[in-house]
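Listed below are the residues making up each chain.
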Amino acid sequence: MAQTAAPATTAVPAITPISLKAIAPWAVFFGILMLVLLYFVGAEQGATAVISGEGVHEWVHDGRHLLGFPCH
Amino acid sequence: MNSISVRALLVRGMLAGLVAGVLALLVAHFLGESRVDAAIALEESHSHHHDGGEELVSRTMQSTAGLATGVLVFGVAIGGIAALVFCCALGRIGRFGPRATAALIAGAALLTVYVVPFLKYPANPPAVGNPDTIGRRTALFFLMVALSVLLAVAAVILGRRLAPRLGNWNATIAASAGYFLVIGLAYAFLPSFNEVGKDFPATLLWEFRLSTLAVQATLWVTFGLVFGHLTERLLVPGADAVTAGNSGAGRAATAAG
């Protein structure tokens, strides 16, 4: 509405931010899900373990080293 | 309507992260694997006790399917998180369009999530690192990442607060200086580790660490460009007008609402 008053200007029109209330449920659910994924790639069966054994650690071993995580 | 665009952005972020993961995987495989193999060869020639037991996962699997799992899952996960950050940052960090916002977030993430923690706790190849300290090293590495990310968020908020008084340029310099000052204090006071064996080749260590940096740079640059392209098409009216003619108008109306 405010932008339409000056259509000739070359300035980039400001973008309306997405309300934080709309982001919150997505951020909580998917944020935690993504962090769990990162945990399994980066740290599981290294310093701490949810699953016993060495399978996860051995499977992502090279990825862990080359992504910069402390591996062993 | 907003929540639809959050979902659309999240999907695009994870897709862009997957694409970035594929390129990072190529870099990791062709640049990194030869160094990992060389380090493992050294490790085996030096260890006097041989376990004799069968390997749980063969080296071939580790360097192909295992590496792919790690890097691609990492790509999708950081893509999703970066998309959520993008949702919060869009329209709040100054007059940047979607493409520029995506590029800024990717650049800032490379710096704060990887480069800054890496300068204090660099990546180690196999054969480097004492297994007895893995707990402390892991905790301090993640502490450094968390500290760096939280400080960066604080610096952005501080910069936006200072902008009306100092102007955008000086506010950005002041906030960045604050970030690097606190990071410098963390570098100075957090414990360091030097667990590189005396006979571990310096060149191999350097090349391994450079290749991990190349992996992360590839990942974040690709993510920034792909995600920027996708969000620009989603959110900016007429961004693809050259190729799609008037068909962008309908989508633009839904995205703007």
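Reading the values: rules and limits
- Residues numbered from 1 in each chain as written.
- Chains lettered and ligands numbered in written order.
- Predicted model: local features only at pLDDT ≥ 70, side-chain atom pairs only at ≥ 80, totals over all residues.
- Heavy atoms only, no water.
- UniProt positions renumbered as here; feature names shortened; annotations may be inferred.
- Helix = DSSP H or I, 4+ residues; strand = E, 2+ residues; numbered from the N terminus.
- Patch = residues over 30% accessible without salt bridge, like charges linked within 9 Å, V, L, I, M, F, W, Y side chains within 5 Å.
- Areas by Shrake-Rupley, 256 points an atom, 1.4 Å probe, with all protein chains shown as cover.
- Salt bridge = Lys/Arg side-chain N within 4 Å of Asp/Glu carboxyl O.
- Buried < 20%, exposed > 50% of the residue type's maximum accessible area, 1.4 Å probe, protein only.
- Contact = heavy atoms within 4.5 Å.
- Buried area = accessible area lost by both parts, 1.4 Å probe.
- Polar contact = N/O pair within 3.5 Å; in protein donor to acceptor, adjacent residues only side chain to side chain.
- Nonpolar A, V, L, I, M, F, W, Y, C, P; charged D, E, K, R; others polar.

Here's the deal with the UniProt feature "transmembrane region" (unreviewed entry) in chain B
Residue and element names in this part refer to chain B. Following the UniProt record, one finds the feature "transmembrane region" (unreviewed entry) at residues 65-90, 102-119, 139-159, 171-190 and 210-230. End-to-end, the C-alpha atoms of residues 102-119 are 25 Å apart, and along that stretch the chain is 100% helix and 0% strand. End C-alpha to end C-alpha, residues 139-159 measures 30 Å, and it is 100% helix and 0% strand.

As for a nonpolar patch on the surface
Residue and element names in this part refer to chain B. On the surface, a nonpolar cluster with roughly 430 Å² of combined accessible area is contributed by Leu181, Val182, Leu185 and Phe189. Assignment of secondary structure puts Leu181 in helix 5 (residues 168-189). With a relative accessible area of 59%, Leu181 lands in the exposed category.

Quick word on the pattern of salt bridges
Applying the stated criterion to the full structure yields five salt bridges over all chains. Between B:Asp37 and B:Arg59 there is a salt bridge; the shortest N-O distance is 2.7 Å. Here the residue B:Asp37 occupies a position in helix 1 (residues 2-46), and B:Arg59 occupies one in helix 2 (residues 59-89), the gap between them amounting to 22 residues. In this structure, B:Arg137 engages B:Glu195 in a salt bridge whose closest nitrogen and oxygen atoms are separated by 3.1 Å. Residue B:Arg137 is found in helix 4 (residues 134-166), and its partner B:Glu195 is found in the loop between helix 5 and helix 6 (202-235); the two are separated by 58 residues along the sequence. Through salt bridges that share partners, A:Asp62, B:Glu33, B:Asp37 and B:Arg59 make up one connected network.

Comments concerning the interface of chain A and chain B
Facing the 39 residues of chain A at the interface are 62 residues of chain B. Note on chain A versus chain B: buried area summed over both sides is about 4100 Å², and carbon and sulfur give 76% of it. Summed over the shared surface of chain A and chain B, the number is one salt bridge. A salt bridge links A:Asp62 to B:Arg59; the nearest nitrogen and oxygen atoms lie 2.8 Å apart. If you look at where chain A meets chain B, you find seven residue pairs in polar contact (both at pLDDT 80 or more). Mapped by element, the contributors of at least two residues to the side of chain A that touches chain B are helix 1 (20-42), helix 2 (55-59) and helix 3 (61-66) of chain A. The dominant element in the side of chain A that touches chain B, judged by the number of residues it contributes, is helix 1 of chain A, at 12 residues. The residue makeup of the side of chain A that touches chain B, split by class, is 27 nonpolar, nine polar and three charged.

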